[in-house]
Amino acid sequence: VSQSRYCSQSWPTSHFVRLSELLLASNPNIRLVLTGSSSESALAEPFQTSDGRVINLIGKTSVLELKACMLRFHAFVVADTGPLHVASSTTCPIVYLSSNATSAANTGPYPERPWHYRIHQSTMLEIQAESVAQKLCEILRPPALPEAKL
């Protein structure tokens, strides 16, 4: 949910909420972890569920604690914010949301890794929660087992 100080680089909170609804509905085992700075704590309110599947860490972690959490995440959705660069130093798969307001060549994530997935549109508003959910489902889907030869 981390937001950039530049509106053109932030994915709208309503899109994050829609993404959370899609993910929670798609799999009863999915748990979501919200991260961000203490100044973003109000953003957590629309995500709260009664079943405990959303964990709110907004404003509750240092950079080192956030990195430790990322080492346990199965995926991390982020725009061009500080947590993107923290995540890129881990093995956590990243779904990086970007628009024409940023240049991946200039801002990263660095180093480029096979588990970094970029979803790009002209503006952040154009990135649909459904396309992000689809990418996350691909990442989170267990690999298919080879067919047994009988």
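Definitions and cut-offs
- Residues numbered from 1 in each chain as written.
- Predicted model: local features only at pLDDT ≥ 70, side-chain atom pairs only at ≥ 80, totals over all residues.
- Heavy atoms only, no water.
- Helix = DSSP H or I, 4+ residues; strand = E, 2+ residues; numbered from the N terminus.
- Rg over C-alpha atoms; globule rule 2.2 N^0.38 Å.
- Buried < 20%, exposed > 50% of the residue type's maximum accessible area, 1.4 Å probe, protein only.
- Polar contact = N/O pair within 3.5 Å; in protein donor to acceptor, adjacent residues only side chain to side chain.
- Contact = heavy atoms within 4.5 Å.
- Expected span 1.5 Å × (residues − 1).
- Axes fitted to C-alpha atoms, helices over the stretch in contact; angles between N-to-C directions.
- Parallel < 35°, antiparallel > 145°, perpendicular 65-115°, else oblique.
- Left-handed = near helix turned anticlockwise from the far one by under 90°.
- Nonpolar A, V, L, I, M, F, W, Y, C, P; charged D, E, K, R; others polar.
- Salt bridge = Lys/Arg side-chain N within 4 Å of Asp/Glu carboxyl O.

Attention now goes to the overall build of the protein. For the protein, the helix and strand inventory stands at five helices and five strands. In the protein, the succession of α and β elements from N to C terminus is α-β-β-α-β-α-β-α-β-α. For 150 residues, the compact-globule formula gives about 15 Å, and the C-alpha radius of gyration of the protein, at 16 Å, lands near that figure. Principal-axis analysis of the C-alpha atoms gives the protein an extent of 60 × 40 × 30 Å.

With that settled, consider the side chain of Ser-98. The residue Ser-98 is located in strand 4 (residues 94–98) in this model. With a relative accessible area of 1%, Ser-98 lands in the buried category. Looking at Ser-98, its side chain comes within polar contact range of the side chain of His-120, at 2.9 Å. Setting aside residues no more than four positions away along its own chain, Ser-98 makes contact with Arg-118, Ile-119, His-120, Gln-121, Met-124 and Ile-127.

What follows deals with helix 1 (residues 13–26). Counted at 1.5 Å a residue, the expected span for helix 1 with its 14 residues is 20 Å, and the 20 Å between its end C-alpha atoms agrees. Turning to helix 1, its buried residues are His-15, Phe-16, Val-17, Leu-19, Ser-20, Leu-23 and Leu-24. If you follow the buried residues of helix 1, they end up packed against strand 1 (32–34), strand 2 (54–56), strand 3 (76–78) and helix 5 (129–140).

Our focus in this paragraph is the packing of helix 1 against helix 5. Look at helix 1 against helix 5: their axes get within 9 Å of each other, and the N-to-C directions meet at 45 degrees. Taken as axis vectors, helix 1 and helix 5 run oblique relative to one another. At the point where helix 1 passes helix 5, the crossing takes the right-handed sense. Touching His-15, Arg-18, Leu-19, Leu-22 and Leu-23 of helix 1 are Ala-129, Glu-130, Val-132, Ala-133 and Leu-136, all from helix 5. Classifying every residue of the contact of helix 1 with helix 5 gives seven nonpolar, one polar and two charged.

A few words on the environment of Arg-118. Inspection of the secondary structure assignment puts Arg-118 in strand 5 (residues 116–120). On the basis of relative accessibility, which here comes to 41%, the residue Arg-118 falls in the partly exposed class. Once the C-alpha coordinates of Arg-118 and Val-132 are considered, the two residues, 14 residues apart in sequence, prove to be 9.7 Å apart. Among the polar contacts listed, one links the side chain of Arg-118 to the side chain of Ser-98, at a separation of 2.8 Å.

A few words now on the pattern of salt bridges. Overall, the coordinates contain four salt bridges when judged by the stated rule. The closest approach of N and O atoms between Glu-130 and Arg-18, which form a salt bridge, is 3.2 Å. Linking Glu-130 in helix 5 with Arg-18 in helix 1, this pair joins segments that are 112 residues apart in sequence. Here Arg-18 falls in the partly exposed class, since its relative accessible area comes to 36%. As a salt-bridge pair, Asp-51 and Arg-53 come within 3.8 Å of each other at their nearest N and O atoms. Relative accessible area serves as the criterion here: at 47%, Asp-51 is assigned to the partly exposed category. Classification of Arg-53 by relative accessible area gives buried; the value is 14%. Linked through salt bridges whose partners overlap, the residues forming this network are Arg-18, Glu-21 and Glu-130.

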